[in-house]
Amino acid sequence: MENIVVIGGGLMGTSATWKLAERGAKVTLIERQEEDYLHGSSFGTARISRSLGPKKDVFSYAHNTTVKELGNLIDFLNAENPKEKHAIEDIYATSPVSYLFHRNQYDTIDSFRFKKQKKDFNRASQSSAFRKFGMTIPDNTILVREKRQYSGTLNPTELLKKLRLGIAKKGGQIKYGHEVTGLVKKAGGFEISILNTKTKKTSALKAKKVIVAAGPYTVSILKEFAPYFNRVITPKKIAISYLKIKDERYGQLTETEKKTIHNAFPFFSQIGKEYFAVISKPEKNTSPVFKAGGHQKRRNIHDLDKVWTDEPRKKELKWIRKQFKKHFKMLEIYLSKKDIEEVKSYYCVYSDTRSKSPLVTPIFNKSGSLDRNIIVIGGMSGVGAKGCLCYGSLGADLMLGKEGKPKKMYRKLLNVFSNPSVNLYTRRAKRGRLF
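Rules and cut-offs
- Residues numbered from 1 in each chain as written.
- Predicted model: local features only at pLDDT ≥ 70, side-chain atom pairs only at ≥ 80, totals over all residues.
- Heavy atoms only, no water.
- Patch = residues over 30% accessible without salt bridge, like charges linked within 9 Å, V, L, I, M, F, W, Y side chains within 5 Å.
- Areas by Shrake-Rupley, 256 points an atom, 1.4 Å probe, with all protein chains shown as cover.
- Salt bridge = Lys/Arg side-chain N within 4 Å of Asp/Glu carboxyl O.
- Lys, Arg positive; Asp, Glu negative; His and termini not counted.
- Charge placed at Lys NZ, Arg CZ, Asp CG, Glu CD.
- Helix = DSSP H or I, 4+ residues; strand = E, 2+ residues; numbered from the N terminus.
- Buried < 20%, exposed > 50% of the residue type's maximum accessible area, 1.4 Å probe, protein only.
- Pairing = 2+ DSSP bridges.
- Axes fitted to C-alpha atoms, helices over the stretch in contact; angles between N-to-C directions.
- Parallel < 35°, antiparallel > 145°, perpendicular 65-115°, else oblique.
- Left-handed = near helix turned anticlockwise from the far one by under 90°.
- Contact = heavy atoms within 4.5 Å.
- Nonpolar A, V, L, I, M, F, W, Y, C, P; charged D, E, K, R; others polar.
- Expected span 1.5 Å × (residues − 1).

Caption draft 1: Inspection of a positive patch on the surface at higher detail. On the surface, K55, K56, K115, K116, K405, K408, R411 and K412 cluster together into a positively charged patch. With respect to the helices and strands, K412 occurs in helix α11 (residues 408-417).

Caption draft 2: Broad picture of the pattern of salt bridges. Counted under the stated rule, the structure contains 18 salt bridges. A salt bridge links R148 to D120; the shortest N-O distance between them is 3.4 Å. One end of the pair, R148, is in the loop between β7 (141-146) and β8 (152-154); the other, D120, is in the loop between α3 (106-110) and β6 (121-124), and 28 residues separate them in sequence. Taking relative accessible area as the criterion, R148 reaches 29% and is therefore assigned partly exposed. Between E283 and K281 there is a salt bridge, and its shortest N-O distance comes to 3.8 Å. Under the relative-accessibility criterion, E283 is labelled partly exposed at 28%.

Caption draft 3: Quick look at the sheet that holds strand β3 (residues 47-49). Pairing in this open sheet of three strands is antiparallel, and the strands run β3-β8-β4 from one edge to the other. Looking at which strands have only one partner, the edges of the open sheet turn out to be β3 and β4 (92-94). On average, each strand axis in the sheet is tilted by 30° relative to the strand beside it, whichever way the strands run. Bridge count for β3 against β8 is three bridges, and the pairing is antiparallel. If you follow S49 over to β8, its bridge partner there is G152.

Caption draft 4: Up close: the pairing of strand β11 (residues 189-196). Judged by how many residues are buried, β11 sits mostly within the fold: six of eight residues are covered. Here strand β10 (residues 178-186) pairs with β11 via eight bridges, running antiparallel. Considered in β11, the bridge of K186 is made with G189. When β11 meets strand β12 (residues 202-212), the two strands line up antiparallel, connected through six bridges. Each residue of the ladder has a partner; that of I194, found in β12, is S203. Linkage of β11 to β12, two consecutive antiparallel strands, is achieved through a turn of five residues, within which K200 is found at a positive phi near 65°.

Caption draft 5: Inspection of the packing of helix α1 (residues 11-22) against helix α5 (residues 156-169) at higher detail. Following both chains from N to C, one finds α1 and α5 inclined at 30°, their axes separated by 9 Å at the closest point. With respect to their mutual orientation, α1 and α5 come out roughly parallel. The interaxial crossing formed by α1 with α5 has left-handed handedness. Each of L11, T14, S15, T17 and W18 in α1 lies in contact with α5, whose residues at this interface are P156, L159, L160, L163, R164, G166 and I167. Here the contact of α1 with α5 is composed, by residue class, of seven nonpolar, four polar and one charged.

Caption draft 6: Quick look at the side chain of D397. Inspection of the secondary structure assignment puts D397 in helix α10 (residues 388-400). The residues touching D397, leaving out its near neighbours within four places in the chain, are R23, K402 and Y410.

Caption draft 7: Fine view of α1. Between the first and last C-alpha of α1 there are 16 Å, a value that for 12 residues agrees with the 16 Å anticipated at 1.5 Å per step. The buried fraction of α1 is high, at 11 of 12 residues. Of all the positions in α1, only L11, M12, G13, T14, S15, A16, T17, W18, K19, L20 and A21 are classed as buried. At the C-terminal side of α1, G24 shows a positive phi close to 90°.

Given below as structure tokens:
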């Protein structure tokens, strides 16, 4: 019998598997895709990495913990084979992160100004934004720029490679091309039904403990053990566009304008549908490739297996281009429709939770009993990458027990992400119905 099985090989599942393997657990990771990770929430080479937040903010804590844990992983890999020369800079591209807020969000902005955060960011109103940041922002808005080490972007693809390498070196096992089709509780543990996606043969794997970190597929995996999860997690899709400035127009920009562009990304507008944009692929002599989308422009999914190849609607792509042009207009770089080239576009999937908070928690079975031998890590909804090793560490702690006395911020993390009575509540209880 396997000791622990982790279902889902994205950043959440792979982080949890690494932390379990690091602590000596016998662990197997099951991933439905092959070794090349081609779709899923962890697909791609750029995510915004940011620690800006008010004092005692759990998401800032998750980011900072991930940076620390990644440093430990890098040290381990280099100690195992010094010739490989791994570095934390393989993952993080440090650059200023710009946030645009509406003036009525001033209390939120002001909460960032505490002792440890004070030197990490600067802010400007419309009258001073160009002088401070080289940007002309709309009236009634405030621009905040965070600049600290390892804020900027992180590379999920490269991080997955290093996590997988660490798992292998610690004796963990990864089963690629295996899809979980069933999960039931048996005497003494769990039985997991697995389909080999190549041979189409099915098999059963037994485990004492299970972590489900399968993103939007979490609901279908838990349909027997915890059928109420279809009301806890709801997958949503958002359109993502990769854009670049056409070479002819980019060649007309001055060196100062090109430098301004690089300083203005990543960008996150906290207004309306929360437009975001990052430099996904820097280029030396041509325009970089920009990744852009609307964080809150979420739509329902009719076919989860098909969504990865669906073409985004023209209306969605038009909105992204409009926001892209508006951002460059703030930099006083004026682009026409013909100046913008679409490299590719696709749907990314977020998993919304009813509580609006991510889950790293043991769950109730269908009879209403809390089972601490099964944990769900999910519902990250666009904030998971920057804190993935923190969530993975928390999941490993819940499986194996916390090493050492929990600190105050760790206890707060538990309270926010690991409170099943709050996070798994689905509707008002009625007599004779648990969920």
